[in-house]
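For reference, the chains in residue letters:
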Amino acid sequence: MHWLPFLFPAMWLAYIAYWRAMAADLKSDKRRESASSRLQRFAVMILALVLLGVPSIRLSVLDGRFLPASMRWFWIGAVVTASGLLFSVWGRRYLGRNWSRAVTIKKDHELITGGPYSLVRHPIYTGLLVGLLGCALALGEWRGLVAVGLVFIALLRKLRLEEQWMREQFGEAYENYCRQVRALVPYVF
């Protein structure tokens, strides 16, 4: 099984390729988050990628294991990663032309509440975090969990800005939606 080291990079590259292909036909922006906000989030994502992708960090606490090295955890992590990425893609497909890489309000923006948006308000973020958690499980080292934590914090900042703008745009309709559907974890958070 000489291809195993390429499984996770292949899943993530396919995910990124899909995202790029789907970014072609989007609605025009009416309002967009600042470049500095996007840059900060991008820097955190790069740091998380380094933590997950570099073979050894050389900080014993980060390279320490929270799970035993085993093929069972590798495959559990692979299934969790694939599930998370597919959930995220489902959210992206359902959002359609309203999607944007940055926090935006689109011209003719619609409040989407069906499909994966009936389970969580931010299925793309949920799927991304589950995908990263799968990588952390497969890696089994503390640096994987640190990477998930960093991305969680970055996405939480993005989520808060997005929710503020959605409340301004959709008012009571968004408030009702928030009362019915949790942000990231169904029935919990």
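Predicted, not measured: the structure shown is a model, and the values here were computed from it.

Rules used in this analysis
- Residues numbered from 1 in each chain as written.
- Predicted model: local features only at pLDDT ≥ 70, side-chain atom pairs only at ≥ 80, totals over all residues.
- Heavy atoms only, no water.
- Helix = DSSP H or I, 4+ residues; strand = E, 2+ residues; numbered from the N terminus.
- Buried < 20%, exposed > 50% of the residue type's maximum accessible area, 1.4 Å probe, protein only.
- Contact = heavy atoms within 4.5 Å.
- UniProt positions renumbered as here; feature names shortened; annotations may be inferred.
- Phe/Tyr/Trp six-rings, centres within 6.5 Å; stacked < 30°, edge-to-face > 60°.

**Considering the environment of Arg97**
Looking at where Arg97 falls in the secondary structure, it is placed in the loop between helix H4 (71-95) and strand S2 (104-106). Residue Arg97 is classed as partly exposed on the basis of its relative accessible area, which comes to 40%. With 13 residues separating them along the chain, Arg97 and Glu110 place their C-alpha atoms 9.6 Å apart. The residues touching Arg97, leaving out its near neighbours within four places in the chain, are Asp25, Leu26, Lys27 and Lys106.

**Things to note about the UniProt feature "transmembrane region" (unreviewed entry) in the protein chain**
According to UniProt, the positions carrying the feature "transmembrane region" (unreviewed entry) are residues 39-61 and 73-91. Along residues 39-61 one finds 74% helix and 0% strand; the C-alpha atoms at either end are 28 Å apart. Along residues 73-91, the helical share is 100% and the strand share 0%, with 27 Å between the first and last C-alpha atoms.

**Structural notes on the packing of aromatic side chains**
Taken as a whole, this structure holds 11 aromatic pairs when the rule is applied. Between Trp19 and Trp99 the ring centres are 6.0 Å apart and the planes differ by 90°, which places this aromatic pair in the edge-to-face class. Taken together, the residues Trp19 in helix H1 (residues 7-22) and Trp99 in the loop between H4 and S2 connect sequence positions 80 residues apart. A relative accessible area of 14% places Trp19 in the buried class.

**Let's talk about unusual backbone geometry**
A positive phi angle, near 60°, is found at Asp108, a position not held by glycine. Tracing the backbone through its elements, the reader meets Asp108 in the loop between S2 and helix H5 (123-139). Given a relative accessible area of 68%, Asp108 falls into the exposed group. In this structure, Tyr187 takes a positive phi of about 65° despite not being glycine. Mapping Tyr187 onto the fold places it in the segment after helix H7 (172-180).

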